[in-house]
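Now for the letters of each chain:
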Amino acid sequence: MNQSQELFDRAKKIIPGGVNSPVRAFRAVGGTPFFTKQAKGSRLITADDQELIDYVCTWGPAIHGHDHPVIREAVSEALAKGTSFGTPGPDEVEMAELLVEIVPSVEKIRMCNSGTEATMSSIRLARGFTGKSKIIKFAGCYHGHVDSLLVKAGSGALTLGNPDSAGIPESFAKETIVLPYNDLTAVENAFSQSEDGIAAIIVEPYPANCGLILPDDGYLEGLRKICDHNQAVLIFDEVMTGFRLSLGGVQEKTGVTPDMTAMGKIIGGGLPVGAFGGKAEIMDFLAPLGPVYQAGTLSGNPLAMAAGVASLQLLKESMPYDRLESLGNQLALGIQQIAKEYSIPLQVPQVGSMYCLFFNENPVRNFEDAISSHSEYFKKLFQHCLANGVYLPPSPYETCFISNAHIENDISKTLDLFNEAFKAF
Ligand SMILES: *Cc1c(COP(=O)(O)O)cnc(C)c1O
């Protein structure tokens, strides 16, 4: 028996489904998940010594590739000074200064431990600040596993064929208004029909958790206007897009400025981190200055801050965005061309280092379009790639990532495999 199978069998006895995050279980693509024993550059090395070109990049954080020497060195220096202090530390100030400098709309920031904490605290703060209860989210957008945000939440929940989670009281879910993405009229109607007011709109500005969906022209600007008109807080969940699509995220790329921003993934440099920030007048509603409580024993952890600061400084120095856009474009165009050759219905939305594969005849503008894709094709492609050294995300509803450690040779090898796979469809 191979090592991954043996580990998975052991894990399944004592970890539900054998995994600590559901999509890792390969339910959407079938087969036993491989276990990774090491990761370097653009590659994962499995417990059975298979080397894989990695397009998951730890689900977004690894924009520099795995085990970047600068980040490793920063963590190791921090480690020598202690793993947690429980008092403020110098790296927290440096991290906060960097984030405020980089993210256009952020005047003040608070660190937490995951993207989920960041969105959870953002909506609490928006509710505390406005004194209103309801929030709007969009079908297919994933904001972590926050109770009131796990309605039509895309990503892992969608992969398991279950867009809503059990265990969320109806009374909580009632506070969340779920609307289709890319439909401003729906948002306007929700505001005009809501009697007791809407505290916030939370949105992945480029939804990347039910595949990758891009906003129609004027859509994000429209959300901004509606929020201004109704005194509601506009929250961009840039946990995925922040620092990946441009240094300052979608808000820098599009010029649309939210009131608050949730962050995570890249800002931890591979360690567990989240952050949320925004206008000072809103952020000052947080304890200890204001009435909205939020806290964390390990928030601002020195190892995570060291890794995150190193990761951000590397981005500032290397500015890899043009290079990533060019690799992403090369891959997406190449894939589309091969699909056309074999008459396979495939859409490959791509922006910078993010792309996804919708086996669909038509462009995908929202959640309903996304779930009308042919998932059987994805399964076949996934398995062919995995067997031959390329790891795609194990679900048709995840975005693929390219890191700055990927090279042209990785891209051409990937295109060769797609060609083989599509030929055999
Ligand atoms: C990953 C993700 C989250 C959740 O972050 P965790 O660190 O997994 O809790 C929230 N929002 C978006 C857009 C994400 O991609």
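Here's the deal with the site of the ligand
Here is step 1 of the chain: Contacts to the ligand come from Ser114, Gly115, Thr116, Tyr142, His143, Gly144, Glu204, Asn209, Asp237, Val239, Met240 and Lys265.
Here is step 2 of the chain: Within the side chain of threonine 116, one N or O atom sits 2.6 Å away from an oxygen atom of the ligand.
Here is step 3 of the chain: Between the ligand and tyrosine 142 there is a distance of 3.3 Å, counted from a nitrogen atom to a backbone nitrogen or oxygen.
Here is step 4 of the chain: In isolation the ligand has 380 Å² of accessible area, and contact with the protein removes 84% of it.
Here is step 5 of the chain: Partitioning the shell around the ligand into residue classes produces three nonpolar, six polar and three charged.

Some remarks on the environment of aspartate 196
Here is step 1 of the chain: When you line up the elements, aspartate 196 lands in the loop between α7 (184–193) and β7 (198–203).
Here is step 2 of the chain: According to the relative accessible area criterion, aspartate 196 is exposed, its value standing at 55%.
Here is step 3 of the chain: Sequence separation of aspartate 196 and serine 395 is 199 residues, and the distance between their C-alpha atoms is 39 Å.
Here is step 4 of the chain: Other than its neighbours up to four places away in sequence, aspartate 196 contacts Lys132 and Lys134.

Quick notes on the domain arrangement of the protein
Here is step 1 of the chain: For the protein, the assigned domains read domain 1 (3–63 + 320–424) and domain 2 (69–317).
Here is step 2 of the chain: With 33 residues of domain 1 at the interface, the matching set in domain 2 holds 33 residues.
Here is step 3 of the chain: Both faces considered, domain 1 and domain 2 share a buried interface measuring about 2,700 Å² in area, 66% of it formed by carbon and sulfur atoms.
Here is step 4 of the chain: Of all residues in domain 1, Tyr321, Arg365 and Phe367 give up the largest surface area on contact with domain 2, accounting jointly for 26% of the area buried on that side.
Here is step 5 of the chain: Seen at the junction of domain 1 and domain 2, the total is one salt bridge.
Here is step 6 of the chain: Aspartate 216 is the salt-bridge partner of arginine 365, the closest N and O atoms lying 2.5 Å from each other.
Here is step 7 of the chain: For the interface between domain 1 and domain 2, the tally reads nine residue pairs in polar contact (both at pLDDT 80 or more).
Here is step 8 of the chain: Listed by contribution, the elements that provide at least two residues to the side of domain 1 that touches domain 2 are β11 (350–351), β12 (354–355) and α13 (367–371).
Here is step 9 of the chain: The element that contributes the greatest number of residues to the side of domain 1 that touches domain 2 is α13, accounting for three residues.
Here is step 10 of the chain: Of the residues in the side of domain 1 that touches domain 2, the class split is 22 nonpolar, seven polar and four charged.

Looking at the pattern of salt bridges
Here is step 1 of the chain: Using the criterion set out here, one finds 13 salt bridges in the structure.
Here is step 2 of the chain: The salt bridge partner of lysine 12 is aspartate 9, with a shortest N-O separation of 3.8 Å. With a gap of three residues between them, lysine 12 and aspartate 9 both fall in helix α1 (residues 3–14), about one helical turn apart.
Here is step 3 of the chain: According to the relative accessible area criterion, lysine 12 is partly exposed, its value standing at 44%.
Here is step 4 of the chain: For aspartate 67, the salt bridge goes to lysine 40, with nearest N and O atoms at 2.8 Å. Of the two residues, aspartate 67 sits in the loop between β3 (51–54) and α2 (69–79) while lysine 40 sits in strand β1 (residues 36–40), which places them 27 residues apart along the sequence.
Here is step 5 of the chain: Among the charged side chains, a network of salt bridges with common partners joins Arg224, Asp228, Asp259 and Lys279.

Overview of the sheet that holds β7
Here is step 1 of the chain: Spatially, β4-β10-β9-β8-β7-β5-β6 is the arrangement adopted by the seven strands of the open sheet, whose pairing is mixed. The open sheet terminates on both sides in strands that have one partner only, identified here as β4 (108–112) and β6 (176–179). For this sheet the average axis-to-axis angle between neighbouring strands, irrespective of direction, equals 20°.
Here is step 2 of the chain: Sheet analysis places strand β8 (residues 233–237) next to strand β9 (residues 260–264), joined by three bridges and oriented parallel. Each bridged residue has a counterpart across the sheet, and for phenylalanine 236 the counterpart in β9 is threonine 261.

Quick look at helix α4 (residues 115–130)
Here is step 1 of the chain: For α4, built from 16 residues, the straight-helix expectation of 22 Å at 1.5 Å per residue is met to within 8% by its first-to-last C-alpha distance of 22 Å.
Here is step 2 of the chain: Along α4, the positions that sit buried rather than exposed are Gly115, Thr116, Ala118, Thr119, Ser121, Ser122, Ile123, Leu125 and Ala126.
Here is step 3 of the chain: Downstream of α4 by one or two residues, glycine 131 has phi in the positive range, about 70°.

Focus: the packing of α7 against helix α8 (residues 219–230)
Axis angle and axis distance: for two packed helices, these are the angle between their axes and the distance between the axes, and together they describe the pair.
Here is step 1 of the chain: Here α7 crosses α8 at 10°, and the two axes come no closer than 10 Å. Taken together, α7 and α8 sit at an angle that is classed as roughly parallel. Residue-level contacts link Leu184, Val187, Glu188 and Phe191 of α7 to Tyr219, Gly222, Leu223, Ile226 and Asn230 of α8.
Here is step 2 of the chain: Residues belonging to the contact of α7 with α8 are distributed by class as follows: six nonpolar, two polar and one charged.

Each value, and the rule that gives it
- Residues numbered from 1 in each chain as written.
- Predicted model: local features only at pLDDT ≥ 70, side-chain atom pairs only at ≥ 80, totals over all residues.
- Heavy atoms only, no water.
- Near = heavy atom within 4 Å.
- Polar contact = N/O pair within 3.5 Å; in protein donor to acceptor, adjacent residues only side chain to side chain.
- Areas by Shrake-Rupley, 256 points an atom, 1.4 Å probe, with all protein chains shown as cover.
- Nonpolar A, V, L, I, M, F, W, Y, C, P; charged D, E, K, R; others polar.
- Helix = DSSP H or I, 4+ residues; strand = E, 2+ residues; numbered from the N terminus.
- Buried < 20%, exposed > 50% of the residue type's maximum accessible area, 1.4 Å probe, protein only.
- Contact = heavy atoms within 4.5 Å.
- Domains from an automatic or database assignment.
- Buried area = accessible area lost by both parts, 1.4 Å probe.
- Salt bridge = Lys/Arg side-chain N within 4 Å of Asp/Glu carboxyl O.
- Pairing = 2+ DSSP bridges.
- Axes fitted to C-alpha atoms, helices over the stretch in contact; angles between N-to-C directions.
- Expected span 1.5 Å × (residues − 1).
- Parallel < 35°, antiparallel > 145°, perpendicular 65-115°, else oblique.

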